[in-house]
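Reading the structure
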Amino acid sequence: MRQTRTIELSTGLFVMLGFAALFFMVTQITNKGLVWREQNYRLSARFDNVGGLKVGSPVSIGGVTVGRVDAIDYDVQTYKAVARLAIQHRYDKIPNDSDVAIYTAGLLGGQYVGFTPGGSETYFKDGDQIELTQSAVVLENLISKFLFDKAGQGDAKKTEGAAK
Amino acid sequence: MSLVAELAGSGRELAQKWGRFTLFTARLCAVTPRALLRPSLLVEQLHNSGAQSLVIIMLSGLFVGMVLGLQGFDLLRRFGSTESLGSAVALGLLRELGPVVTALLFAGRAGTALTSEIGLMSATDQLSAMEMMAVDPVRRVCAPRFIGGVVAMPLLAAIFSMTGIFGGQLVGVTLMGVDAGQFWSQMRGAVELRDITEGVIKSGAFGLACSAIAVYEGYHAVPTADGVGRATTRTVVISSVAVLVLDYMLTAVLL
């Protein structure tokens, strides 16, 4: 009898430890967990290009994470990408003339949506669409623009030289 | 000519073994619901293969995590992004090392015990005695051990990953001076719920494979001292190979 009790005790401890480890992983190591269940309200924003933005990417104002990207769709009518943002309820005073842009965190970091607050006295409500948006910067476009620019300058100099 | 015959013979033997194993596993699964009706047997097996493996799992997890922390730190320092250490350690443990190393340790620690126990029972005619008393040994002896292993493995893998992450933190934060806040926040940013479910699915599959192989080898061991010894060796070898092959396939499917 005594032996079965110690067996039950150690088995119980083992199972509890196992579930505690699972619980810890789900709540503490992922960015979901308990914070995720907070009340959110939704905004949507149309971008020409969302770049590497992913579902679950952070939405921040002044570097503080206030929500997450909930879904990313493509609107066939306007040929634009629509990002739906879930913002935590306690940040419900975002002026409705604020603009959003997609930034990259660090050189190798993931992309996030950043708000620049406007000066309006009215605030975004659940379901609103954000009008002022700025797309993600695609590095290839930037580089090619820069290169063509340089090449163009070179050509211009050459033709100038020939004219003289 | 005799070579061809021999090859054909061993091929047939292999197919027969596979068939026997598949049928045995099907039988195990079939008697599982009825074996669940006797929870005391299950608790005993959970104790044998789970609780008693706890020390070796936690110790190995700690050191695997510490090694990951050290190696990861050295590698990441070259790119000047040591703050990603947390995510590297956590993802490595949760997705690969946790389930795989736990399964290999489980095969060595619990699988061998299962095989030799059942093998010895059959060598000392205990299984035949049960059959005489109209007790199905698969249901009474094999099924609780099988279920115990299947339940224990995901829990053990979770504990392994957990201690590993703390081991990584010990080396990365305490010894190497990575900022603790960055360590944890980068980890939270990089790990998704999907990574954890992937680890749990993997360890569940490894638990099924390892326990089924261990119980099968024990039940079908040649009932001599030599036979039980060979069966125990086969358990470790086959389980380890099966875990690694399964790991590749599951990774390809789940990634």
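Residues numbered from 1 in each chain as written. Chains lettered and ligands numbered in written order. Predicted model: local features only at pLDDT ≥ 70, side-chain atom pairs only at ≥ 80, totals over all residues.

What about the overall build of chain A?
- Counting its secondary structure elements, chain A contains 2 helices and 8 strands.
- Helices (α) and strands (β) of chain A occur, in sequence order from the N terminus, as α-β-β-β-β-β-β-β-β-α.
- Counting only residues that meet the buried cut, chain A has 19% of its 164 residues in that class.
- For chain A, contacts bridging at least 24 residues in sequence account for 61% of all contacts bridging at least 6. (Helix = DSSP H or I, 4+ residues; strand = E, 2+ residues; numbered from the N terminus. Buried ≥ 20, exposed ≤ 12 C-beta atoms within 10 Å, placed from the backbone. Contact = placed C-beta atoms within 7 Å.)

A short note on the overall build of chain B
- Counting its regular elements, chain B contains 9 helices and 0 strands.
- The order of α-helices and β-strands along chain B, N terminus first, is α-α-α-α-α-α-α-α-α.
- When the backbone C-alpha atoms are referred to their principal axes, chain B occupies close to 65 × 55 × 30 Å.
- Taken over 255 residues, chain B has a buried fraction of 46%.
- The contacts in chain B between residues at least 6 apart in sequence include a share of 88% that link residues at least 24 apart.

A few points about the confidence of the model for chain B
- Mean pLDDT over chain B: 89, with 100% of residues reaching 70 or higher.
- This complex was scored by the predictor with a pTM of 0.73 and an ipTM of 0.75. (pLDDT = per-residue confidence, 0-100.)

Considering unusual backbone geometry
- The backbone of Tyr79(A) sits at a positive phi, close to 55°, despite the residue not being glycine.
- Position of Tyr79(A) relative to the elements: it lies in the loop between β3 (64–75) and β4 (80–88).
- On the neighbour-count criterion, Tyr79(A) (9 C-beta atoms within 10 Å) is exposed.
- One non-glycine residue, Ala134(B), lies in positive phi territory at about 60°.
- Residue position: Ala134(B) is located in the loop between α5 (126–132) and α6 (137–175).

Description of the interface of chain A and chain B
- In this assembly, 20 residues from chain A lie in contact with 21 residues from chain B.
- Tallied by class, residues from the side of chain A that touches chain B come to 12 nonpolar, 6 polar and 2 charged. (Nonpolar A, V, L, I, M, F, W, Y, C, P; charged D, E, K, R; others polar.)

Quick word on the domain arrangement of chain A
- Per the domain assignment, the segments making up chain A are domain 1 (1–30) and domain 2 (38–138).
- Centre-to-centre separation of domain 1 of chain A and domain 2 of chain A, based on C-alpha positions: 42 Å. (Domains from an automatic or database assignment.)

As for the pairing of strand β1 (residues 40–47) of chain A
- Taken together, the 8 bridges between β1(A) and β4(A) define a ladder with antiparallel strand orientation. If you follow Ser44(A) over to β4(A), its bridge partner there is Arg84(A). (Pairing = 2+ DSSP bridges.)

Some details on the packing of helix α3 (residues 54–78) of chain B against helix α4 (residues 85–123) of chain B
All names here are of chain B.
- Remark: α3 packs on α4, axes separated minimally by 10 Å, with the N-to-C direction vectors making an angle of 145°. Our pair here, α3 against α4, has a crossing hand that is right-handed. Judged by residue contacts, Ile56, Ile57, Ser60, Val64, Gly65, Leu68, Gly69, Gly72, Phe73 and Leu76 of α3 engage Leu85, Ala88, Val89, Gly92, Leu93, Leu97, Val101, Thr102, Leu105 and Arg109 from α4. (Axes fitted to C-alpha atoms, helices over the stretch in contact; angles between N-to-C directions. Left-handed = near helix turned anticlockwise from the far one by under 90°.)

Thoughts on α3(B)
Residues and elements named next belong to chain B.
- Counted at 1.5 Å a residue, the expected span for α3 with its 25 residues is 36 Å, and the 36 Å between its end C-alpha atoms agrees.
- Those residues of α3 that sit buried are Ile57, Gly61, Val64, Gly65, Met66, Leu68, Gly69, Gly72 and Phe73.
- Against α4 and α6 lie the buried residues of α3.
- Once α3 ends, the next one or two residues include Gly80, with phi positive near 65°. (Expected span 1.5 Å × (residues − 1).)

Observations concerning the sheet that holds strand β7 (residues 129–130) of chain A
All names here are of chain A.
- The strand order across the open sheet built from 8 strands is β7-β1-β4-β3-β2-β6-β5-β8, with neighbouring strands paired in mixed fashion. Edge positions in the open sheet fall to β7 and β8 (133–134), since each of these has one partner strand only.
- Strand direction decides the pairing type here: strand β2 (residues 58–61) and β3, joined by 4 bridges, are antiparallel. Across the sheet, residue Pro58 finds its bridge partner in β3, namely Arg68.

Some points on the nonpolar core
- In this structure, Cys142(B), Leu156(B), Cys210(B) and Val215(B) are the most contacted members of the largest nonpolar core, which totals 66 residues.
- Put simply, the parts of the chain that give this core at least two residues each are α1 (2–29) of chain A together with α1 (2–35), α2 (39–49), α3, α4, α6, α7 (180–190) and α8 (193–219) of chain B.
- When residues no more than four places from it in sequence are discounted, the contact partners of Val215(B) are Leu28(B), Leu114(B), Ile118(B), Cys142(B), Arg145(B) and Phe146(B).
- Counting residues in hydrophobic clusters, the runner-up holds 20 residues, among them Ala45(A), Leu53(A), Val69(A) and Ala83(A). (Core = buried A, V, L, I, M, F, W, Y, C linked by C-beta atoms within 7 Å.)

Considerations on the confidence of the model for chain A
- Looking at chain A, pLDDT values average 81 and 87% of them are 70 or higher.
- When mean pLDDT is compared element by element in chain A, β4(A) scores highest at 88, while helix α2 (residues 139–163) of chain A scores lowest at 77.

Considerations on the packing of α2(B) against α6(B)
Residues and elements named next belong to chain B.
- Contact geometry for α2 and α6: axes closest at 8 Å, N-to-C directions at 55°. With respect to their mutual orientation, α2 and α6 come out oblique. Here α2 runs over α6; the crossing is right-handed. Together, Leu41, Leu42, Gln45, Leu46, Asn48 and Ser49 of α2 and Pro144, Arg145, Ile147, Gly148, Gly149, Val151 and Ala152 of α6 make up the contact between the two elements.
- Class assignment of the residues belonging to the contact of α2 with α6 gives a composition of 7 nonpolar, 5 polar and 1 charged. (Parallel < 35°, antiparallel > 145°, perpendicular 65-115°, else oblique.)

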